[in-house]
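Chain and residue survey
Now for the letters of each chain:
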Amino acid sequence: FSKLPALPAFNVADVDVNSSACTDLNDYVNGKWLAANPVPSDRTTWGSFEMLGEYSLAVQKQIVEAAAAAKSADGSIEQKIGDIYALGNDETKLNADGINPAKPLLAEINALTDSASISKYLRDSFANGNQAVFAFGPGEDFKDAKNVIAYAFQDGISLPEKAYYLEPQYQDKRDAFVAHVERMLVLAGVEAGAANAQAKTVLAFETRLAKASLSPTELRNPANQYNFVSIADADKASPNFSWSEFFAAEGLGHIKGFSLSQPKFFAEMNKMIADTPVTDWKAYLTYQTINGAAPFMSDAVANE
């Protein structure tokens, strides 16, 4: 990829010899670099890993642009990559389509009727590569690093962490969030008069999840990130959400156990499946779905 400049290596000239390594090692090693590389205005953080990420995206861009420009055989990987890249760059079509690409997903949510259908929807969503309410994925076993196991982890909230839902100093953030959700729901096809009430419902729904979530400080404790259970025991603890059926839907029916990492959170999720009105679930899932799809849709949705 000759178009891209080489990534800079460590330069000893970056070390600030005017700072004492014994007094402030961070300033000694990083001070000059940080002063010369302020956080860009469109970022919340900046460093070598972010630079590496940008470089990786630039490499990927060259790959897909080459695929789009090539006359590859129909059905080939190169042709598919080129076509999807061209489609993603067709802003005229994206803006004309509006929310149409998400309508099949929104229709599935609108068809929910009871607790059983909510559980099935969540299982099917994960099986199709979409995650809602909680996070799920592989990781090294904390107690035996030779093994990779499944982890279910608290998630499902939109604001940075639980304090934003509970503490008075974040009331302006909560108000702004409700206004944002209302606009997103209108873009998703919800009638304007109903969107405000549904947006408040989304905040209340996420607040309940937040109350059952651990804080970032609590999550620093490894014991709060690991809770290995058998599938059978997980099913007993969560009668409204079958983990055995969840793993079967993932094609992992042979799994004997996993880390149900924050039991309090999943106990609350289990209760919410049974006692939260289906209309509340629909509002929450509609917002989460349109929000997740936003980067790939019309300018109106993406900008909001």
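Residues numbered from 1 in each chain as written. Predicted model: local features only at pLDDT ≥ 70, side-chain atom pairs only at ≥ 80, totals over all residues. Heavy atoms only, no water.

Focus: the overall build of the protein
Selection criterion: Helix and strand assignments follow DSSP, with helices taken as H or I runs no shorter than four residues and strands as E runs no shorter than two, numbered in order from the N terminus. Only protein chains enter the calculation, and the probe is 1.4 Å; a residue is then buried if its accessible area is under 20% of its type maximum, exposed if over 50%, and partly exposed in between. By the convention used here, residues are in contact when the closest approach between their heavy atoms is within 4.5 Å. Neither His nor the chain ends is counted toward charge; the positive residues are Lys and Arg and the negative residues Asp and Glu. Every charge is mapped onto a representative atom, which is NZ of Lys, CZ of Arg, CG of Asp or CD of Glu.
The number of helices and strands found in the protein is 15 helices and 4 strands. By its C-alpha atoms, the protein is 65 × 55 × 45 Å across when sized along the principal axes. Looking at the 304 residues of the protein, the share that counts as buried comes to 35%. Contacts in the protein between residues at least 24 apart in sequence constitute 63% of all its contacts with a sequence separation of at least 6. Between the averaged position of the 25 positive side-chain charges in the protein and that of its 38 negative side-chain charges there is a distance of 4 Å.

A short note on the sheet that holds strand S2 (residues 144-154)
What counts is decided by this rule: If DSSP finds at least two bridges between two strands, the strands pair. Every axis corresponds to a line fitted to the C-alpha atoms, with the helix fit spanning only the stretch in contact, and the corresponding angles, defined between N-to-C directions, vary from 0 to 180 degrees.
Reading across the sheet, the 4 strands line up as S1-S2-S4-S3 and stay open at both edges, with mixed pairing between neighbours. Edge strands, defined here as strands with exactly one partner in the open sheet, are strand S1 (134-141) and strand S3 (228-230). Direction aside, neighbouring strands of the sheet carry axes that sit 35° apart on average. Sheet analysis places S3 next to strand S4 (residues 257-260), joined by 3 bridges and oriented antiparallel.

Brief notes about the nonpolar core
A general tendency of soluble globular proteins is for nonpolar side chains to be buried together. What counts here: We call a set of buried residues a nonpolar core when its members are Ala, Val, Leu, Ile, Met, Phe, Trp, Tyr or Cys and they connect through side-chain atoms within 4.5 Å of each other.
Residues Leu-122, Val-133, Phe-134, Trp-243, Phe-258 and Trp-281 are the most contacted members of the largest nonpolar core, which totals 56 residues. Looking at this core element by element, the count peaks at 8 residues for helix H14 (residues 278-293). The residues contacting Trp-243, other than those within four sequence positions of it, are Phe-134, Ala-152, Ile-231, Ala-234, Asp-235, Ser-238, Phe-258, Leu-260 and Phe-266.

Things to note about the packing of helix H8 (residues 171-187) against helix H9 (residues 192-211)
What counts, and what does not: Any angle that is under 35 degrees is reported as roughly parallel, and any over 145 degrees as roughly antiparallel; angles of 65 to 115 degrees are reported as roughly perpendicular and all others as oblique. Crossing handedness is read from the near helix: turned anticlockwise from the far helix by less than a right angle, it gives a left-handed crossing, and turned clockwise, a right-handed one.
In the contact formed by H8 and H9, the axes pass within 8 Å of each other and the chain directions differ by 130°. In terms of orientation, H8 lies oblique with respect to H9. Where H8 crosses over H9, the two elements pack in a sense that is right-handed. Counting all contacts with H8, which are made through Arg-174, Phe-177, Val-178, Val-181, Glu-182, Leu-185 and Val-186, the residues of H9 involved are Ala-192, Ala-195, Asn-196, Gln-198, Ala-199, Lys-200, Val-202, Leu-203 and Glu-206.

A word on the packing of aromatic side chains
Selection rule: Two rings from Phe, Tyr or Trp (for Trp, the six-membered ring) form a pair when their centres sit within 6.5 Å of each other. Planes less than 30 degrees apart are called stacked, planes more than 60 degrees apart edge-to-face, and all others tilted.
For the coordinates displayed, the defined rule picks out 23 aromatic pairs. Residues Phe-134 and Phe-241 carry aromatic rings whose centres are separated by 5.9 Å and whose planes lie at 80° to one another, so their mutual orientation is edge-to-face. Linking Phe-134 in strand S1 with Phe-241 in the loop between helix H11 (231-237) and helix H12 (243-249), this pair joins segments that are 107 residues apart in sequence. Across the pair, exposure class does not vary: Phe-134 and Phe-241 are buried alike. Pairing Phe-246 with Phe-247 gives two aromatic rings, centres 5.5 Å apart and planes at 90°, and the pair type is edge-to-face. As far as the burial class goes, Phe-246 and Phe-247 line up, both buried. Pairwise contacts between aromatic rings join Phe-126, Phe-134, Phe-136, Phe-241, Trp-243, Phe-246, Phe-247, Phe-258, Phe-265 and Phe-266 into one cluster.

Thoughts on the pairing of S1
Where S1 lies against S2, 8 bridges are found, and the strand directions are antiparallel. When the sheet's bridge partners are listed, Ala-135 is paired in S2 with Phe-153.

Looking at the pattern of salt bridges
Applicable threshold: By definition, a salt bridge exists where a carboxyl oxygen of Asp or Glu is found within 4 Å of a side-chain nitrogen of Lys or Arg.
Within this structure, the stated rule accounts for 10 salt bridges. Across the pair Arg-43 and Glu-54 runs a salt bridge, and its minimum N-O distance is 2.5 Å. Taken together, the positions of Arg-43 in the loop between helix H1 (25-36) and helix H2 (48-69) and Glu-54 in helix H2 put the pair 11 residues apart, joining distant regions of the chain. Here Asp-172 and Lys-173 are joined by a salt bridge, their closest N and O atoms 3.4 Å apart. On the accessibility criterion, Asp-172 (45% relative accessible area) is partly exposed.

Some points on a nonpolar patch on the surface
The condition is simple: Residues enter patches when their relative accessible area tops 30% and they take part in no salt bridge; the joining distance is 9 Å for like charges and 5 Å for the nonpolar side chains Val, Leu, Ile, Met, Phe, Trp and Tyr. Working definition of accessibility: Shrake-Rupley area with a 1.4 Å probe, residue cover restricted to the visible protein chains.
A surface patch of nonpolar side chains, amounting to about 330 Å² of accessible area, comprises Leu-7, Phe-49 and Leu-52. By secondary structure assignment, the location of Leu-52 is in helix H2. For Leu-52, a relative accessible area of 43% translates into the label partly exposed.

Re the side chain of Gln-154
Spelled out, the test is: Residues adjacent in sequence count toward polar contacts only when both atoms are side-chain atoms; beyond that, a polar contact is any pair of N or O atoms within 3.5 Å, and within protein one must be able to donate a hydrogen and the other to accept it.
Considering the arrangement of structural elements, one finds Gln-154 in strand S2. Reaching out from Gln-154, the side chain makes a polar contact with the backbone nitrogen of Leu-214 at a distance of 2.9 Å. Beyond its immediate chain neighbours, meaning those up to four positions away, Gln-154 contacts Ser-213, Leu-214, Leu-219, Gln-262, Phe-265 and Phe-266.

Worth remembering: the numbers are spatial, not functional.
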